[in-house]
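Chain by chain, the residues run as shown.
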Amino acid sequence: MESTEHRSCAYGLRHQTRCLSAIRSNDGKSRFILGTQELLKPNEVHLLTFDEDMFEISTTIYTHSHEIWDISASKDDPDLFFTCYKQILDGQQVQSKASLWRMKQEQMDSEEGDLEISHHQHPTGELEHVLSLDVGDGTVKKVIWQDNTEVISVEDWRINIWDIDINQGTVKLTGNIDTPDKSFKFTSAVMNPHAQEVVAVYGRSIQGWNLGSLKPTFAIKDSQPALILCVDYNPNRPFQIATGGDDCKIRIWDIRDPTAGPIMIIQDHTHWVWSVAYNKFHDQLMLTSSSDCQVNLQSIVSISTGADYKYGDASDPEQDLDDENEIADNIPQDAPTDGLVQAFDQHEDSVYQVAWSSVDPWLFLSLSYDGRAVMNQVPSEEKFKIIMN
């Protein structure tokens, strides 16, 4: 079979778009959903399935009446997802909404001979409305899944916790968190995968809240000169988060010491950073995307879980010079190192979202505002460094 090294697979939506989400897979195939954002045209949800053997994308398209600002797939059920959107009422009033949908579709496994037909003909499916969240007057930015019984909505000035009953289509508000600084709206948020905690960013600050008590767990106030646009939580290393801002920089923090400043700063973009995503399997790999039309694959091995059992705790600021030299002498020459692994410049517009596959640790999708989605892989040389070390 022909090598897929340094190959990519592109898909065009022919609509403006800014949001995507990886889908849980029950058959080992990488799937993503994308939402379009057209003000005066009918919008769509595109279900993308990547065939690694054929190295191509097949698609099913669903009609969605309103422009989609964010999309979030269930962690448990591959057919369920939330969209955050705006609809016009009475011809003038704009209302922000978040709704849960179920994809009603044909059998997704096609025979090999049908894949090319599916790719070009774009079969359609139907969306079943399950329930909606009763959001406030502000804009709902995103919905975060806890599980199929609890979700969190992030709005301009408030974070709401909801109990949902998918079978009955009912919703109950169980708690809320107001923005600590009324001068700034919430920009984004992420769940702590290690505890019952939500971490949100607003203005130049970062703060966490315990979901049981709704009390703050930590706060990094005025952490940087730039506005923070995105945040992600290390899935394998507790207490570590990454943020991206409008100063082109990615900052990585150890939230156990909020006053210490970032433990790493990365500046390989030339414009606003819109998305940052840890690899769920290998947390030394990180994806970032920006308005500079570029997707960067970063290695942050020195502050990842790999550093603990390979090279000692490289994040310890009090490590003396002799110990550092000893660690450096013991690192294999072909071991992963910090720095830019590869820059992907296949987009011609702002890249608002990147996402890792839920089943393949080396595969990821990026999405730009002009509706171009590109599937890429971690370069094999970096992959082998990680596997062999």
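Note that the structure is a prediction, hence the values are computed from the model and not measured. (Residues numbered from 1 in each chain as written. Predicted model: local features only at pLDDT ≥ 70, side-chain atom pairs only at ≥ 80, totals over all residues. Heavy atoms only, no water.)

Caption draft 1: Examining the overall build of the chain more closely. From N to C terminus, the chain includes four helices and 28 strands. Taking all 389 residues of the chain together, the buried fraction comes to 52%. Across the chain, every contact between residues at least 6 apart in sequence was considered, and the portion connecting residues at least 24 apart equals 51%. Of the roughly 17900 Å² of accessible surface on the chain, 44% is carried by carbon and sulfur atoms. (Helix = DSSP H or I, 4+ residues; strand = E, 2+ residues; numbered from the N terminus. Buried < 20%, exposed > 50% of the residue type's maximum accessible area, 1.4 Å probe, protein only. Contact = heavy atoms within 4.5 Å. Areas by Shrake-Rupley, 256 points an atom, 1.4 Å probe, with all protein chains shown as cover.)

Caption draft 2: Structural view of the pattern of salt bridges. Enumeration over the complete set of coordinates arrives at eight salt bridges. A salt bridge links Arg102 to Asp77; the nearest nitrogen and oxygen atoms lie 3.6 Å apart. Note that Arg102 is positioned in strand S8 (residues 93–104) and Asp77 in the loop between strand S6 (68–73) and strand S7 (80–89), a separation of 25 residues in sequence. Classification of Arg102 by relative accessible area gives partly exposed; the value is 24%. Residues Asp178 and Arg158 are paired through a salt bridge, measuring 2.7 Å at the closest nitrogen-oxygen approach. One end of the pair, Asp178, is in strand S13 (residues 170–178); the other, Arg158, is in strand S12 (residues 158–165), and 20 residues separate them in sequence. (Salt bridge = Lys/Arg side-chain N within 4 Å of Asp/Glu carboxyl O.)

Caption draft 3: Up close: a nonpolar patch on the surface. On the surface, Phe384, Ile387 and Met388 cluster together into a nonpolar patch covering about 360 Å² of accessible area. Mapping Phe384 onto the fold places it in helix H4 (residues 380–388). (Patch = residues over 30% accessible without salt bridge, like charges linked within 9 Å, V, L, I, M, F, W, Y side chains within 5 Å.)

Caption draft 4: Representation of the pairing of strand S18 (residues 228–233) within the structure. With six of six residues buried, S18 lies mostly within the body of the structure. With five bridges connecting them, S18 and strand S19 (residues 240–245) associate as antiparallel partners. From the neighbouring strand, Tyr233 faces S19, where its bridge partner is Ile241. Joining the antiparallel neighbours S18 and S19 is a turn of six residues, in which Phe239 adopts a positive phi near 75°. (Pairing = 2+ DSSP bridges.)

Caption draft 5: Representation of the sheet that holds S19 within the structure. Across the sheet, four strands lie side by side as S18-S19-S20-S21; this open sheet has antiparallel pairing. Looking along the sheet, the strands with just one partner apiece sit at the ends: S18 and strand S21 (264–266). Direction aside, neighbouring strands of the sheet carry axes that sit 20° apart on average. (Axes fitted to C-alpha atoms, helices over the stretch in contact; angles between N-to-C directions.)

Caption draft 6: Highlighting the UniProt feature "repeat: WD" (unreviewed entry) in the chain. Per the UniProt annotation, the sites labelled "repeat: WD" (unreviewed entry) are residues 221–256. Secondary structure content for residues 221–256 is 0% helix and 47% strand, while the C-alpha to C-alpha distance between its ends is 14 Å. (UniProt positions renumbered as here; feature names shortened; annotations may be inferred.)

Caption draft 7: How the structure looks around the environment of Phe184. Tracing the backbone shows Phe184 in the loop between S13 and strand S14 (186–191). Each residue touching Phe184, except ones within four places of it in the same chain, is listed here: Trp157, Thr179, Tyr202, Gly203, Arg204 and Leu227.

Caption draft 8: Highlighting the confidence of the model for the chain. Mean pLDDT for the chain: 87, with 87% of residues reaching 70 or above. The low-confidence segment residues 107–119, where pLDDT is below 50, has 20 contacts with residues more than four positions distant or belonging to other chains. (pLDDT = per-residue confidence, 0-100.)

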